[in-house]
Each structure stands twice: as structure tokens, then as C-alpha cells.
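Structure at a glance
Here is what each chain is made of, one letter per residue.
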Amino acid sequence: MTDTSAGLPVGTRAPSFSLRDQNGAEVALADHLGQRHVLLVFYPWAFSGICTGELTEIRDDLGRFVTEDVQVVTVSCDAMFSLRAYADRDGYFFPLLSDFWPHGEVARAYGVFDEEAGVARRGTFLIDPDGVIRWSLVSGIGERRDFSGYHDALARA
């Protein structure tokens, strides 16, 4: 069941962030603002079945997720080194950002941190070049998200 009570609402200014990716490079939301949309994808755990399925969907259909107008950025609370092993194992060449420390700070800012489990819920946000959330979907930890709403929202953008 989708948890629609969590996450920042559409029309909200997206909180800024800067996190390290799987290769140790700093990636900031501000790097893309003014230039392109950002699809921000939070997921609970590297190497888990549902998360791997979702990131593989992005990888296998990368042209529908990453274009000259859109950059996909994924975030989990896993350590950077775990994300590197995960990316290497599964061939993820888009940014996998580590929200490890302070633990879950960015997930909290977006309203998708699950305090009990200590991980991000499956929050998905389409952020426009002006930094405003234009579409969002928050699913429970054990529920696979449906990216079709993202594609519809992007077509309207």
C-alpha cells in the first residue's frame, strides 16, 4: 500500500543537499538546478530484492530516465563503499548517493526517513530546474514503486 501521508508535497521547494556518490564524488542538487529536472529516488537498502529491481528498471531503460533534460539521482542510507560494490555488481552508472552520515539527514528533509527501520522509504520526487517538486510518490519499504506516474509527469513538464 502506498504511503501518501509521507514526503514533501508537490509545489514545495526541494531541500538542497550535497552527498557523496558511489565513487566518492560530491553530488549536489544545486549542480542541476537551472539546467534540468532531477528525478530523486530514495530506496531502503542496497543489495535487497525490491531495490535492485527498481534500480535495474532505471538502468535497463536509462533513456527514459536520464536525458539532456533530466538527471536521475538515487539515495540510500548505505555507506559509500557498499554503494560502490552495489554499482559495480549491477552496472549502475547513475549516481548512487550515500545518506549515511548524518544518518538519513536528506531522507528526513524530504519526509521519507523511517525512524523505526533506520532507512529511507521509497520516496520519488521530480524536481524542476527551479528546484520545485512537481511530482512525488512515496511507497512503503516492502512495496515496489510504479515509475509510470513519473513518465506521465515528465511528459506534462
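Everything in this summary refers to the structure shown in the same document. (Residues numbered from 1 in each chain as written. Predicted model: local features only at pLDDT ≥ 70, side-chain atom pairs only at ≥ 80, totals over all residues. Heavy atoms only, no water.)

Points about the overall build of the protein
When you go through the protein residue by residue, the secondary structure sums to five helices and nine strands. In sequence order, the protein lays out its α and β elements as β-β-β-α-α-β-α-β-α-β-β-β-β-α. Summarising its shape, the C-alpha atoms of the protein cover approximately 35 × 30 × 25 Å along the three principal directions. Burial status across the protein gives 55% buried among its 157 residues. With an accessible surface of roughly 7200 Å², the protein has 52% of that area assigned to carbon and sulfur atoms. (Helix = DSSP H or I, 4+ residues; strand = E, 2+ residues; numbered from the N terminus. Buried < 20%, exposed > 50% of the residue type's maximum accessible area, 1.4 Å probe, protein only. Areas by Shrake-Rupley, 256 points an atom, 1.4 Å probe, with all protein chains shown as cover.)

Quick word on the packing of aromatic side chains
Within the structure shown, the criterion is met by eleven aromatic pairs. On the numbers, 5.6 Å between centres and 35° between planes, the contact of Tyr-92 with Phe-94 is tilted. The same class applies to Tyr-92 and to Phe-94, which are both buried. With centroids separated by 5.3 Å and ring planes inclined at 55°, the aromatic side chains of Tyr-110 and Phe-125 adopt a geometry described as tilted. Taken together, the residues Tyr-110 in the loop between helix 4 (105-109) and strand 6 (113-114) and Phe-125 in strand 8 (residues 122-127) connect sequence positions 15 residues apart. In this structure, Tyr-110 and Phe-125 share a single accessibility class: buried. Positioned above the aromatic ring of Phe-113, the side-chain terminus of Arg-108 is 4.1 Å from the ring centre. (Phe/Tyr/Trp six-rings, centres within 6.5 Å; stacked < 30°, edge-to-face > 60°. Lys NZ or Arg CZ within 6 Å of the ring centre and 35° of its normal.)

Points about helix 5 (residues 148-156)
The set of residues buried in helix 5 consists of Gly-149, Tyr-150, His-151 and Ala-153. Packing partners of the buried residues in helix 5 comprise strand 3 (37-42), helix 2 (62-65), strand 4 (70-76), strand 8 and strand 9 (133-139). (Contact = heavy atoms within 4.5 Å.)

Points about the environment of Asp-114
You can see Asp-114 is positioned in strand 6. Among the polar contacts listed, one links the side chain of Asp-114 to the backbone nitrogen of Ala-117, at a separation of 2.8 Å. (Polar contact = N/O pair within 3.5 Å; in protein donor to acceptor, adjacent residues only side chain to side chain.)

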